[in-house]
Amino acid sequence: MKKIVLLFLLNIFLLNSVFSQEYEKKFIKGNISDKTTAVREASGQEGIWLSNKAIEFVLENYELLGNDRELDALAVAAVLSLPNEYVFSLSENDKDILMNKFIDLFSKFNKSNTVQIAVQSKVLSLKDYINTAPFTDTLNKFLQSSSVLASDSSLLKSVINSLGFIGNNISFTILYNYLNDKRFSNYTNEIEQSVTSLISISMNEVLQIIHSHDINNIQKIFNLVKQSNNISTANLCEISENILIDSKQVNLQLDALKILNDNKWTRASASVVNFFNESKKNFENKVITENQFVDVINSLVNISPIDAVVPLIKYLGELNSQIEYNGNVSENIALSVINSLGAIGDKSAFDSLLSVTYLNYSETVLSAARQALAGLRW
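Residues numbered from 1 in each chain as written. Predicted model: local features only at pLDDT ≥ 70, side-chain atom pairs only at ≥ 80, totals over all residues. Heavy atoms only, no water.

Overview of the overall build of the protein
Okay, so step 1: Counting secondary structure elements, the protein contains 21 helices and zero strands.
Okay, so step 2: Relative to a compact globule of 378 residues, whose C-alpha radius of gyration would be 21 Å, the protein shows 33 Å and is clearly more extended.
Okay, so step 3: Expressed as a percentage of contacts within the protein between residues at least 6 apart in sequence, the contacts between residues at least 24 apart total 68%.
Okay, so step 4: Accessible area of the protein: about 19,700 Å², with a carbon and sulfur share of 50%.
Okay, so step 5: In the protein, 32 side chains carry a positive charge and 40 a negative one; their mean positions are 5 Å apart. (Helix = DSSP H or I, 4+ residues; strand = E, 2+ residues; numbered from the N terminus. Rg over C-alpha atoms; globule rule 2.2 N^0.38 Å. Contact = heavy atoms within 4.5 Å. Areas by Shrake-Rupley, 256 points an atom, 1.4 Å probe, with all protein chains shown as cover. Lys, Arg positive; Asp, Glu negative; His and termini not counted. Charge placed at Lys NZ, Arg CZ, Asp CG, Glu CD.)

Set out below in structure tokens:
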């Protein structure tokens, strides 16, 4: 029985060897179409050998054959049939050698969108296991070439989308600049998506845009930042704080403040207190509405619970003086200041809160002051 099993296994091995040799012979002796068939049909170690041989063949013969559909088909088959598991198992040096071959294929087959897109697809499938930086540089140079707009739209979209996955800060700058270039208006959706994906690794570039004081650019990048799903809270809040500081567009600043407030970002405490002081003047000059100023005051509880105590006490003193002399104070703003001081609970607010109870405020405000006094921590 054992002899029968051994003979059976031996026959299988011999048959596989014969089939393997047939694929190799077909590749070596056949025309380009035969080579492509061999690459597609082979598997296992034979398939790996054939894929590598095919890549070498097309690179060696491209200069001679030029733009040839059969050669394109062989290149695509060779690239896509190369097993990812095989690439994962390579040494770092061999991975680098393979990446250089991918770059050569992308660069040489510049008349074949099919080959260039296939190479990108393969690189993306390997991005977690192979150094893609050299290929990223190649795609960046492609985007910066003088003939980029003459490229087929499917190829250009593919390059833009690929950089959304393997791009770097240079890719970010190139793509962001193209958002302001009307010649690339047909690719706006793809560019915005990739730029958004690259924000988290391009913080210096994002902050440079904000520091430019160009309202349109700041609004544009901030919209993209808010759409990003992979940006960290720290980066989101850093961007928001910089907008609060550098942008003089109130709606933008209030939008940034909301993000800081939602995330209780106390690192922005000093910036938000400064913004509160600016907002006081803006409210007095009717640059912002009462509701907007109330939002600013309310945010101090979450963002500046320590730094805001003195400014709030001072402002409540100003409101008390106004009530005492002319009785003209916004109830909503008075309530916001009182409730904020009560929520913070610092005992240094005692005197100003107590003063409220002796003045001609509405009962609603008086009640809020009493509750705030009762909640102070001693």
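Focus: the pattern of salt bridges
Pairing of side chains with opposite charge becomes possible as their charged atoms draw close.
Okay, so step 1: What the rule picks out here adds up to nine salt bridges.
Okay, so step 2: Linking R183 and D181 is a salt bridge whose minimum nitrogen-to-oxygen distance equals 2.8 Å.
Okay, so step 3: Here R183 falls in the exposed class, since its relative accessible area comes to 56%.
Okay, so step 4: On the basis of relative accessible area, D181 is assigned to the buried category, the value being 18%.
Okay, so step 5: In this structure, K226 engages D255 in a salt bridge whose closest nitrogen and oxygen atoms are separated by 2.4 Å. A residue pair is termed long-range when its members are at least 10 positions apart, and K226 in helix α13 (residues 215-227) and D255 in helix α15 (residues 250-262) qualify at 29 residues. (Salt bridge = Lys/Arg side-chain N within 4 Å of Asp/Glu carboxyl O. Buried < 20%, exposed > 50% of the residue type's maximum accessible area, 1.4 Å probe, protein only.)

Some thoughts on the side chain of N52
Okay, so step 1: Structurally, N52 can be placed in helix α3 (residues 44-65).
Okay, so step 2: A distance of 3.2 Å separates a polar atom in the side chain of N52 from a polar atom in the side chain of Y86. (Polar contact = N/O pair within 3.5 Å; in protein donor to acceptor, adjacent residues only side chain to side chain.)

Thoughts on helix α10 (residues 169-179)
Okay, so step 1: Turning to α10, its buried residues number three or more, namely S171, F172, I174, L175, Y176, Y178 and L179.
Okay, so step 2: Among the structural elements, α8 (133-144), α9 (153-166), α11 (188-198), α12 (203-211) and α13 are those in contact with the buried residues of α10.
Okay, so step 3: The N-cap residue of α10 is N168: its side-chain oxygen and the backbone nitrogen of I170 are 3.1 Å apart.

Looking at the nonpolar core
Okay, so step 1: F102, L143 and I239 are the most contacted members of the largest nonpolar core, which has 73 residues in total.
Okay, so step 2: Counting residues per element, this core draws most heavily on helix α4 (residues 69-81), at seven residues.
Okay, so step 3: Apart from the residues within four sequence positions on either side, I239 is in contact with I199, M203, V206, L207, I210, F222, V225 and I231. (Core = buried A, V, L, I, M, F, W, Y, C linked by side-chain atoms within 4.5 Å.)

As for the packing of aromatic side chains
Okay, so step 1: On inspection of all chains with the given rule, the structure shows 11 aromatic pairs.
Okay, so step 2: For the ring pair Y178 and F184, a centre distance of 3.8 Å and an interplane angle of 10° mean the geometry is stacked. When sorted by exposure, Y178 lands in the same class as F184, which is buried.
Okay, so step 3: Judged by centre distance (5.5 Å) and plane angle (75°), the ring pair of F350 and W378 falls under edge-to-face. One end of the pair, F350, is in helix α20 (residues 350-356); the other, W378, is in the segment after α21 (363-374), with 28 residues separating them in the sequence.
Okay, so step 4: Residue F350 is classed as partly exposed on the basis of its relative accessible area, which comes to 29%.
Okay, so step 5: With a relative accessible area of 68%, W378 lands in the exposed category. (Phe/Tyr/Trp six-rings, centres within 6.5 Å; stacked < 30°, edge-to-face > 60°.)

Describing the side chain of T132
Okay, so step 1: Topologically, T132 is positioned in the loop between α7 (113-125) and α8.
Okay, so step 2: Beyond its immediate chain neighbours, meaning those up to four positions away, T132 contacts M99, V123, K127 and I166.

What to know about helix α19 (residues 331-344)
Given 3.6 residues to a turn, an α-helix orients residues that are three or four positions apart in the same direction.
Okay, so step 1: When the terminal C-alpha atoms of α19 are compared, their 20 Å separation across 14 residues agrees well with the 20 Å that a helix rising 1.5 Å per residue should span.
Okay, so step 2: Most of α19 is tucked away, with 10 of its 14 residues classed as buried.
Okay, so step 3: For α19, the complete set of buried residues consists of I333, A334, L335, S336, V337, I338, S340, L341, G342 and I344.
Okay, so step 4: Just beyond α19, the residue with positive phi is G345, at close to 80°. (Expected span 1.5 Å × (residues − 1).)

Things to note about the environment of L335
Okay, so step 1: Assignment of secondary structure puts L335 in helix α19.
Okay, so step 2: Once the C-alpha coordinates of L335 and V287 are considered, the two residues, 48 residues apart in sequence, prove to be 21 Å apart.

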